[in-house]
Amino acid sequence: MNKKNKIFIPCDEANHVCDKNQYKEASLWELIKLNVHLIYCKACRKYTVNNTKLTKAIKKGEVEYLDTSTKSDMKKEFEKALNDVSN
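First, a word on scope: everything that follows refers to the structure included in this document.

Conventions used here
- Per chain, the residues get numbers from 1 upward, laid out in the order the sequence is written.
- In view of the model being predicted, local features appear only for residues whose pLDDT reaches at least 70, and side-chain atom pairs are presented and counted only at 80 or more, with totals across whole chains, interfaces and linings using the full set of residues.
- Processing note: side-chain calculations cover all non-hydrogen atoms of the structure and skip hydrogens and water entirely.
- Two distance rules govern patches: like charges are joined within 9 Å, and nonpolar side chains (Val, Leu, Ile, Met, Phe, Trp, Tyr) within 5 Å, applied only to residues with over 30% relative accessible area and no salt bridge.
- Here the accessible surface of atoms and residues is derived via Shrake-Rupley with a 1.4 Å probe, and residues count as covered only by protein chains that are part of the display.
- Throughout this description, the term salt bridge denotes a Lys or Arg side-chain nitrogen within 4 Å of a carboxyl oxygen of Asp or Glu.
- Helix numbering and strand numbering both begin at the N terminus, where a helix is a DSSP run of H or I of at least 4 residues and a strand a DSSP run of E of at least 2.
- Each residue gets one of three labels from its accessible area relative to the maximum for its type: buried under 20%, exposed over 50%, partly exposed in between, using a 1.4 Å probe on protein chains only.
- Should any heavy atoms of two residues lie within 4.5 Å, those residues are considered in contact.

## Brief notes about a nonpolar patch on the surface
Logical step 1: There is a patch of nonpolar side chains on the surface, built from Ile 7, Phe 8, Leu 28, Trp 29, Ile 32, Ile 39 and Tyr 40 and spanning about 740 Å² of accessible area.
Logical step 2: Take Ile 7: it is sitting in the segment before helix H1 (11–22).
Logical step 3: The partly exposed category is assigned to Ile 7, whose relative accessible area is 30%.

Next up, the structure:
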């Protein structure tokens, strides 16, 4: 049997397909194999649920970002603290 046609996939491949699905890049066949895998793998079901929550949170726009000057200030403070520790 050709490896591409296998319906049972390992967890790493299932997680990869889950990630592709998050960006609407998974094929129908990949989604079928993922769903078969999710039937018997509790860990990957949990990964998929968490991935779905992350996607929904990002799409809602409830993610807050730091402005550029705040990031720059934080970077300077971090570098100063790092320098103080190493001296």
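## Brief notes about the side chain of Asn 51
Logical step 1: As for its position among the elements, Asn 51 is in helix H3 (residues 42–60).
Logical step 2: Relative accessible area serves as the criterion here: at 9%, Asn 51 is assigned to the buried category.
Logical step 3: Excluding anything up to four places from it in sequence, Asn 51 contacts Cys 18, Asp 19 and Gln 22.

These figures come from the coordinates and say nothing about function on their own.
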